[in-house]
Amino acid sequence: MQLSRSGTKMASLSGLRLIMEDIATTTGSADGREWLNLGIGNPAAIPEVMDTWHRLTAEALVAGFGEVSCRYGPSRGLPELVEAIADYFNRHYGWGIGPGNIVVGPGSQMLCFVAAALFTGAGATRDTRLILPLTPDYTGYQGLSLTTGGIKGVEPLLQLQGERSFRYLFDFSALDRLDDAGLLLLSSPSNPAGRCASQDEIRRLISAAEVRDVPLVVDNAYGAPFPGIGGPSMKPVWDDRVINVFSVSKAGLPGERLGFAVAPEQYIDPIVSFLSNSVLHAPQLVQSALAQALRSDVLDTLVASVIGPYYAERRKYVEALLAATLPPDVSWHLHAADGGMFCWVWIDEDWFDDLSLYESLKRRGVFVVPGRYFFTDAEHSRALDRHPRQCFRISITSDQHAIARGIEVIAAGLRDLRAGSATG
């Protein structure tokens, strides 16, 4: 058997997927050891959110199981959901969209993959790449291209903010120098740093897309309108160049793999055709449940009264723990997050290495995610030097006991790495 070039690319695991496999294998062993997983990307199991989705899914099951689960449907999405999405965004944002501006898919990541396949790669006149205009960004994006080297991340500018905080800034000059873009893509709030792109920054990215005659995909998986873990100031932007992608995963249904895109018809039509040629359509029972959630505005209620406050309080808790527990004589900095489900820590020390910390913590029963996997070219970074290998991601969705215990172990791991470098 011989794989094709694209088959070889897609059959290999990314760095983070290897880490996830390692976590699954390690924690699945029958040694009775307690493992503290602070690398998990799963949203928190909030009882009120789970109960709401349980009720909505049960109602959809009773009302239309035979219609939605026992028959094929349109590739664009269940008509009742497509209509509910259009009505929702017209009511809340005044977008004036219709069914032709919407496509429902089996997860927002799949929709991003479809967009990358449609707009990047070998073309009639030139080859193009998927451009991430601000790294670090979601490591899953690095699996979107069927071509080796088909993705390029723009390294950020670093801005220190006080003694323990820092922030990534767009390097628009570096973005402007790239001439082979077929698609721009970013998450906002970003995974892992929790950075929201401002309205002005989105406009500058739209301008960059216009110059290149390419689309800009904005992945709103953590942002507005749901789960709304990006603060009230960040609203999705409608523009002739923008493909807005939304997900219900972080709003409580990660296992159902349901997302949708809203964009001009010139972008939506080929995505619908791609889905028709590949997966036919997304699962329809949960589509029916989401349609009811949008029509009744129950998601807005959950975001305002449950999901938003939950993550805001959890972030305060974790950031306070980090400030109180990490060694004060270590040069560590926390990214100033606007939202999202993670804390992004930078250890600005020559002796620190993210994979060394990972292995050290694993021996102690704690998992975090090494930072290098969120950059596209971490091993050959020029502007950032060793920065991609000096960061790690902590999830704030684990239970408070695991977080508190885990951060204590992280602090001990940092002390040991420093001591080892001094004696070595």
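Structure: see above.
Residues numbered from 1 in each chain as written. Predicted model: local features only at pLDDT ≥ 70, side-chain atom pairs only at ≥ 80, totals over all residues. Heavy atoms only, no water.

Caption draft 1: Summary view of the overall build of the protein. A tally of regular secondary structure across the protein gives twelve helices and 16 strands. What you see for the protein is a C-alpha radius of gyration of 22 Å, in line with the 22 Å of a compact globule of 424 residues. If one aligns the C-alpha atoms of the protein with their principal axes, the spans along those axes are about 65 × 50 × 50 Å. Within the protein, contacts between residues separated by at least 24 positions form 76% of all contacts whose residues are at least 6 apart in sequence. By element, 51% of the accessible surface of the protein is carried by carbon and sulfur atoms, the whole surface being about 17,700 Å². Each charge sign in the protein was given a centre, from 37 positive and 47 negative side chains, and these centres are 3 Å apart. (Helix = DSSP H or I, 4+ residues; strand = E, 2+ residues; numbered from the N terminus. Rg over C-alpha atoms; globule rule 2.2 N^0.38 Å. Contact = heavy atoms within 4.5 Å. Areas by Shrake-Rupley, 256 points an atom, 1.4 Å probe, with all protein chains shown as cover. Lys, Arg positive; Asp, Glu negative; His and termini not counted. Charge placed at Lys NZ, Arg CZ, Asp CG, Glu CD.)

Caption draft 2: Seen up close, the sheet that holds strand β15 (residues 369-370). If you trace the six strands from one edge of the open sheet to the other, you get β6-β7-β12-β13-β16-β15, paired in mixed fashion. For this open sheet the edge positions go to β6 (157-161) and β15, each flanked by a neighbour on one side alone. Where strand β13 (residues 342-347) lies against strand β16 (residues 391-395), five bridges are found, and the strand directions are antiparallel. Bridge pairing in β16 links Trp-344 to Arg-393. (Pairing = 2+ DSSP bridges.)

Caption draft 3: Helix α12 (residues 400-423), seen in detail. For α12, which comprises 24 residues, the first-to-last C-alpha distance of 35 Å matches the rise-based estimate of 34 Å (1.5 Å per residue) to within 8%. Of the residues making up α12, those classed as buried are Ala-402, Ile-403, Gly-406, Ile-407, Val-409, Ile-410, Ala-411, Gly-413, Leu-414 and Leu-417. Packing partners of the buried residues in α12 comprise β1 (36-37), α10 (298-325), β13, α11 (354-363), β14 (366-367) and β16. (Expected span 1.5 Å × (residues − 1). Buried < 20%, exposed > 50% of the residue type's maximum accessible area, 1.4 Å probe, protein only.)

Caption draft 4: Quick look at the pairing of strand β7 (residues 165-169). Judged by how many residues are buried, β7 sits mostly within the fold: four of five residues are covered. Looking at chain direction, β6 and β7 are connected through five bridges and run antiparallel. Across the sheet, Leu-158 pairs through a bridge with Tyr-168, a residue of β7. Where β6 hands over to β7, the hairpin turn is made up of three residues, of which Gly-162 adopts a positive phi near 80 degrees. One ladder, built from two bridges, connects β7 with strand β12 (residues 332-335); its direction is parallel. Along β12, the bridge assignment pairs Ser-165 with Leu-334.

Caption draft 5: Structural view of the packing of aromatic side chains. Inspection of the entire model under this criterion finds 22 aromatic pairs. Ring geometry for Tyr-88 versus Phe-226: centroids 6.5 Å apart, planes at 70 degrees, classification edge-to-face. Placement of the pair is Tyr-88 in helix α4 (residues 79-93) and Phe-226 in the loop between β9 (216-219) and β10 (242-247), with a sequence separation of 138 residues. The burial state of Tyr-88 is the same as that of Phe-226; both residues are buried. Ring centres 5.2 Å apart and planes at 80 degrees place the aromatic pair Tyr-310 and Tyr-311 in the edge-to-face group. (Phe/Tyr/Trp six-rings, centres within 6.5 Å; stacked < 30°, edge-to-face > 60°.)

Caption draft 6: Expanded view of the pattern of salt bridges. Under the criterion given, the structure shown has 19 salt bridges. Here Arg-129 ties to Asp-180 by a salt bridge, and the two come within 2.7 Å at their closest N and O atoms. A residue pair is termed long-range when its members are at least 10 positions apart, and Arg-129 in strand β4 (residues 127-132) and Asp-180 in the loop between α6 (172-176) and β8 (181-187) qualify at 51 residues. Given the relative accessible area of 23%, Arg-129 is considered partly exposed. (Salt bridge = Lys/Arg side-chain N within 4 Å of Asp/Glu carboxyl O.)

Caption draft 7: Representation of the side chain of Ser-249 in the model. You can see Ser-249 is positioned in the loop between β10 and β11 (259-262). Apart from residues lying up to four places away in sequence, Ser-249 is in contact with Pro-43, Pro-254 and Arg-257.

Caption draft 8: Seen up close, the environment of Lys-9. Inspection of the secondary structure assignment puts Lys-9 in helix α1 (residues 5-11). Looking at Lys-9, the relative accessible area reads 17%, which means it is buried. Each C-alpha atom, one on Lys-9 and one on Asp-179, is 24 Å from the other, the two residues being 170 residues apart in sequence. Setting aside chain neighbours within four positions, we find Lys-9 in contact with Gln-142, Gly-143, Ser-145, Leu-146, Thr-147 and Thr-148.

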